[in-house]
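Residue-level listing of the chains:
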Amino acid sequence: MNRYICIHGHFYQPPRENPWLEEIELQDSAYPFSNWNERINAECYAPNTASRIFDEERIIQIVNNYSKISFNFGPTLLSWMEKKAPKVYHAILEADRDSRRNFSGHGSALAQVYNHIIMPLASERDKDTQVIWGIKDFEHRFNRKPEGMWLAETAVDIPTLETLARHGIKFTILAPRQARRVRRIGDGDWHDVSGEKLDTRRAYLCQLPSGASITLFFYDGMISQDLAFGGLVYNGENIARRLLAVFNDNESEAFLANIATDGETYGHHHRHADRSLSYCLYYVEKNNLAKPTVYGEFLERHPPTYEVEIIENTSWSCFHGIERWQKDCGCNSGRQGWKQAWREPLRNALDWLRDELAKIFEKELKGYTEDAWALRNAYIDIILNRKEDHLERFLSENIKKKLTRQEKTKILRLLEMQRHSLLMYTSCGWFFDEISGIETVQIIQYAARAIQIAYEVCGKQLEEIFLEYLQEAPSNIPEIENGAKVYEYFVRPAVVDLLRVGAHYAISSLFEDYPMQTDMYSYTAVSDIHILKEAGLRKLAFGRVRLKSNITLDERAITYAVFHLGDHNLYAGIREFIDDETFDKMQQTITEPFERSDVPQVIQSISEQFDNNNYSLWHLFRDENRKVFNHILESTLEEMEVYFRQIYENQYPIMTAMGNMRSALPKPLKTAAEFTLNNEVRRIIDSDEDMDLNRLERITDEVKRLSIELDKLQLGLVATQKISDLVNQFKIDPENIELLGSVEEAVSVLSRMPLELDFWNSQNEMFWIAKTYYDNKHVDADSGDSDAKAWLDLFDKLADSLKVKV
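Residues numbered from 1 in each chain as written. Predicted model: local features only at pLDDT ≥ 70, side-chain atom pairs only at ≥ 80, totals over all residues. Heavy atoms only, no water.

Engineer: Residue-level account of the overall build of the protein, with values.
Structural biologist: Helix and strand content of the protein: 30 helices and 20 strands. In summary, the protein has a C-alpha radius of gyration of 30 Å against a globular reference of 28 Å for 806 residues, a match within 12%. With respect to the principal axes defined by its C-alpha atoms, the protein has extents near 95 × 85 × 55 Å. Buried residues in the protein amount to 57% of all 806 residues. Looking at the protein alone, contacts between residues at least 24 apart form 70% of all its contacts between residues at least 6 apart. (Helix = DSSP H or I, 4+ residues; strand = E, 2+ residues; numbered from the N terminus. Rg over C-alpha atoms; globule rule 2.2 N^0.38 Å. Buried < 20%, exposed > 50% of the residue type's maximum accessible area, 1.4 Å probe, protein only. Contact = heavy atoms within 4.5 Å.)

Below, the structure is given as C-alpha cells:
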C-alpha cells in the first residue's frame, strides 16, 4: 500500500483564567458584543460558557478516533480536563497509547508550544522556554518524548525551526502557502512553489543555517478549508473521496493525503461532524483504499526525498503573514467598521513590560543561581507538580544555598512573574476585533499579575508606564476609549492579594460552614478563631485566619470583622493580625453597638478598627458572589413560587378552558404557569427518590394544552444528565431486569418531553452494553430463557427511546 491518509486535529480552547486564583474556565472565542452594555454582559456571563462550549461527549467521540488520527492539545486545556473532565483526559492518554500499537510505535499526539504564542514574535529566550515547557508538559502526560510539535497558528520563522530542532523535535506541520521553493535532495535547481503550488503529499526536509534540519509536513489547504468552513464535513464518504482524489493510479511513490483543522471542527463547530470523521476512516479501511497513518510513522517509512525553504513570518490564519498579532492588517472576526489599531500599542506595552521584568528577574536572582533563565526553563517541573516535597527537591537541586521561608517565597514569586510574562503573549489576545474582548483582557490580566509580583519582590512600580502604553491602544467602543480604560474597568477589579483572599474567606464564612482548614482556589486557609453573633437577620462575625498561597508559599495571619444586615448590605474590615490584645479590643469595640442595634456605629467602628480597609459583597470571587446572592434570594424565590403556584392552581380551570378553545393565555397567567411547571419539573428530575413519572406525563400534556414553554435548554441539560445517570446505573448492574425496566420507563417519559436532549453519552454506554451482553442474551432467549427474552424486550425499547440501533 503506497497510499496514506493523515487527519490532524488541533485543539486549543483559550482559557478564561483568574491569574491570582489559578482557576481556569474555558471560554468561547469572540464573544459577541458591539457596545458598552453588551460588553458588560460579556463580562458577567462569559464564565458560564464553559459548560456550553466544552462539549465533553463530542471530544470523547473524536477520542475514539484518536488511535487513528493525529492530534495536539494545548497544555492549558489538558490541565483543565485533568481536573474538570478526567474521563476525557484519560481517554486522550489511552488513545495515544493505542495509536502506538496501530502505527509501529508512533503516537498520535503532538506536543505544542506551551501557551500558544506567536513564535516569530517571541524573544529567543521565550522561544526556548515555550518549546522546553511544551515538551516537558507532553512527557509528563503522555509518558514519552514528542516527535512533532504544533506551532501556534503555524506561525514560523527560521529561528523557531532552529529551536525545535535543537530540542529534538523531528517535525512540524505548516500551511501550503508557507513554502517558498523545493528541490529533490541532491539536485541543484530549486522550483518555486509559492502561492500554494506545493505538492503536499510528501514530507520535506528543511536544512537550517546551524547545520541542523527538521522535517516539514504541509497540509492540503483546499480540503482542510472545505472541512472547516464548507459543507464537506457533514458526509464521511465525501471526506474520504476528497482525500483519495489526491492520489493517481499510475504512481508508485508513497504519498500522503493529509489535512489539518481545528479539532473543534468535528462536533463543536459542526454538530455530528465527529460521526462523519468516524465514517470516513471506516470507509477507507473497510474498502482498503488507503492506510491511515500519523506523521511520525510516515516519516519513518518514507523519509524526505525533497527539501524545502519556507516563507518566514507566515501563519495559517493571517494572509499578511503574522501581522494579525502586531498590526491592524485587516484580518479580524468580521465586525463591520471596527479597526484593530490597538494591536500594535498592546504589543509595544507587553514588549516593554517583558524587558523590564527580565531585568528584575536577573537582578533579584543573583546570589541564588548562576543562570536565571535555566531556572525558568526548569520551573515547568513545579508547574506540573506543586506538592511541597517536590518543591523542596526542586529548590535544593537548583539553588545552591539553604533558603529561609521568605527566600523561597521570593524565588517562587520571581518564577511566577516570568510565567505570567509568557502567558501574556497568548495569541488569542490579538486575534479578534476589540481590545476589551475577553481574550485580550485575559492577557492584560496576566501582565497585571506580573506587575504586581514585581512590586512585591523589589518595590518597583511598573503599572503607571504600562498604562501610558495602553492609552495609545484605541477601543472601538466609545465608552471604553482605550487600553488604559480596559485596565481600569476589567483588569484592576480582578486583582487579588492576601487581604482580598481574607475578605473572601471572612464574607463567605457567613454563608458557608468552613472546616478548620480549607482550600480556596490556590490558597489554603486555616481558621484559628471564628466567632459568630446573631440578632434576628443581622449577623456579626470576628475571626483570625492564616492564609497561605499554594503557588508562592506567601503566608499571613488575617484579622476580620463582618457585619451582615440581612440582605445584600454587608460590611467587612480586613487587616493583618497584630496581637491578641488588639484583636480583643477590636471585638469589644464592634460588639457593643451591635448588641444595642446601633447599625451606623457598627459600620463606623469597623472602619475605624480596620483603618478603612473595608470590603463588601463586591469583593467576593465570582463564583462565591453568585452563591451568596442565591442564598440571599432563596427565601424570596420560595415566596414567589408559592405566590405563582397559588395563581396557577386558582386559575387552572379557566386556563384549561382557554387552552381547549385555543385562546392565548394572558401574559401574567402564562408567566405563573411556566414558572410553576418549570420549577416542578426540575424538582422531579433532580429528586434522589424515584421520579414521579405520572406527574411528568401530566405536565407534558398541560404544557401542550396551555401552549406554554418549558425551559428546553436548562431542563434539557438536567434531563440529559438524569438519563445518563440512569443508563450508567444499568451499566453497573446490567443483569438486573427490574432496574432495566425502571430505566426504560423513565427514559421513555423523559425522551417524550419537549426538551433539548442530548443522548450522545447514553448512546455510547448503550452501545457498550449491547456489544458486551446483547448477543449472549439472544442465545439464552433462543434456548427458552424467559428472563433473557424479557431483558431483550426491555433493552430494545430503551435503545429505541435513545435512538440506538442494536
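Engineer: An account of the packing of helix H12 (residues 343-365) against helix H18 (residues 438-458) is needed here, citing residue identities and associated values.
Structural biologist: Interhelical geometry of H12 versus H18 gives an angle of 30 degrees and a closest axis separation of 11 Å. Between H12 and H18, the crossing angle belongs to the class labelled roughly parallel. Regarding H12 and H18, the two cross each other, and that crossing is left-handed. For the pair formed by H12 and H18, the contact residues are Leu 346, Leu 350, Leu 353, Leu 357, Ile 360 and Glu 364 on the first element and Thr 440, Ile 443, Ile 444, Ala 447, Ala 450, Ile 451, Ala 454, Val 457 and Cys 458 on the second. Residue classes in the contact of H12 with H18 are distributed as 13 nonpolar, one polar and one charged. (Axes fitted to C-alpha atoms, helices over the stretch in contact; angles between N-to-C directions. Parallel < 35°, antiparallel > 145°, perpendicular 65-115°, else oblique. Left-handed = near helix turned anticlockwise from the far one by under 90°. Nonpolar A, V, L, I, M, F, W, Y, C, P; charged D, E, K, R; others polar.)

Engineer: Any details on the pairing of strand S12 (residues 255-262)? Residues and values, ideally.
Structural biologist: In terms of burial, S12 is a largely internal element, seven of the eight residues being buried. Where strand S1 (residues 3-11) lies against S12, eight bridges are found, and the strand directions are parallel. Following the sheet pairing, Ile 5 is matched in S12 by Ala 257. (Pairing = 2+ DSSP bridges.)

Engineer: Describe the sheet that holds strand S17 (residues 538-549), and please don't skip the residues or the numbers.
Structural biologist: Strands sit in the order S15-S16-S17-S18-S19-S20 across an open sheet of six strands; the sheet is antiparallel. A strand with exactly one partner marks an edge of an open sheet, and here the two such strands are strand S15 (517-520) and strand S20 (614-615). Examined bridge by bridge, strand S16 (residues 523-535) and S17 share 12 bridges and lie antiparallel to one another. Following the sheet pairing, Glu 534 is matched in S17 by Lys 539. Strands S15, S16, S17, strand S18 (555-564), strand S19 (570-576) and S20 of the sheet are contacted by helix H21 (residues 498-508), whose axis makes an angle of about 45 degrees with S18. Sitting on the sheet, helix H23 (residues 599-609) touches S17, S18, S19 and S20, and the angle it makes with S19 is about 20 degrees.

Engineer: Any details on the packing of aromatic side chains? Residues and values, ideally.
Structural biologist: One pass over the full model with this rule turns up 33 aromatic pairs. Taking 5.6 Å as the distance between ring centres and 70 degrees as the angle between the ring planes, the aromatic pair formed by Tyr 648 and Tyr 652 counts as edge-to-face. Here Tyr 648 pairs with Tyr 652, and both are found in helix H24 (residues 622-660), just four residues apart, close to one helical turn. Assessed through its relative accessible area of 26%, Tyr 652 is described here as partly exposed. Relative to Phe 795, the ring of Trp 791 has its centre 4.9 Å away and its plane inclined at 10 degrees; by these criteria the two rings are stacked. Of the two residues, Trp 791 and Phe 795 both sit in helix H30 (residues 786-801), four residues apart, roughly one turn of that helix. When its relative accessible area of 0% is taken as the criterion, Trp 791 is described as buried. Here Phe 795 falls in the buried class, since its relative accessible area comes to 0%. (Phe/Tyr/Trp six-rings, centres within 6.5 Å; stacked < 30°, edge-to-face > 60°.)

Engineer: I'd like to hear about the nonpolar core, residue by residue, with values.
Structural biologist: Formed by 155 residues in total, the largest nonpolar core has its most connected members in Met 81, Leu 161 and Phe 466. Here this core takes 11 residues from H18, the largest share from any one element. One finds Val 703, Val 718, Leu 739 and Leu 750 within the second-largest nonpolar core, a separate group that totals 49 residues. (Core = buried A, V, L, I, M, F, W, Y, C linked by side-chain atoms within 4.5 Å.)

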